[in-house]
Each structure stands twice: as C-alpha cells, then as structure tokens.
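One-letter residues, chain by chain:
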Amino acid sequence: MIILENISTGQVHEGSEIEYFIDDDTMIGEVYLDSKLIFQTLDVIDEDQLDYALNSEFKITKETHDLYF
C-alpha cells in the first residue's frame, strides 16, 4: 500500500500502484495512483524531476504487509 499525504492540505490518497507520466511536448508531469491523477506539475523533463516535485508536495509512505507468521 502506498499512502500520499499532501503536506499543505493534509489530504490523503491511498493506493497500490503509482505511475509517472511526462509529456515530452508540453513538459507536463503527472502522477497517478491506481489510475487516478493526484499530482501535476509543469516544466519537468524526466522522472527524477517529477519525483522531486512530488516529494516537495507530498509525504509518501509505503507499507508492506508480511504474509509469514
């Protein structure tokens, strides 16, 4: 499970799959959580810049659940 909390607003998004998309023509970066757009920013050229922008806006927590007892 991935939990993203907006640092400014406190809004929380939960999901299992995060995807990054960058449009090379417009330089717009988008982040999707379980196919829902949760973040968008301008002037990014690669995934590292998009990840940096996301981390400046959101606190990201990844939880794993062990299936072994």
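Further up the page is the structure itself.
Keep in mind that this is a model prediction, so the values were computed, not measured.

Strand order in the open sheet formed by three strands is 2-1-6, and the pairing between neighbours is antiparallel. What marks the edges here is a single partner per strand, and that holds for strand 2 (12-15) and strand 6 (58-62). Neighbour-to-neighbour, the strand axes of this sheet turn through a mean angle of 15°, independent of strand direction. By the bridge criterion, five bridges tie strand 1 (residues 2-6) to strand 6 in an arrangement that is antiparallel. When the sheet's bridge partners are listed, Leu4 is paired in strand 6 with Ile60. The strands touched by helix 1 (residues 47-57) are strand 1 and strand 6; relative to strand 6, the strand with the most contacts, the crossing angle is about 100°.

What follows concerns the environment of Ser56. Examined against the element boundaries, Ser56 turns out to sit in helix 1. A sequence separation of 49 residues divides Ser56 from Ile7, and the C-alpha atoms of the two residues are 8.2 Å apart. Separated by 2.7 Å, the side chain of Ser56 and the backbone oxygen of Ala53 make a polar contact.

Reading the values: rules and limits
Residues numbered from 1 in each chain as written. Predicted model: local features only at pLDDT ≥ 70, side-chain atom pairs only at ≥ 80, totals over all residues. Heavy atoms only, no water. Pairing = 2+ DSSP bridges. Helix = DSSP H or I, 4+ residues; strand = E, 2+ residues; numbered from the N terminus. Axes fitted to C-alpha atoms, helices over the stretch in contact; angles between N-to-C directions. Contact = heavy atoms within 4.5 Å. Polar contact = N/O pair within 3.5 Å; in protein donor to acceptor, adjacent residues only side chain to side chain.

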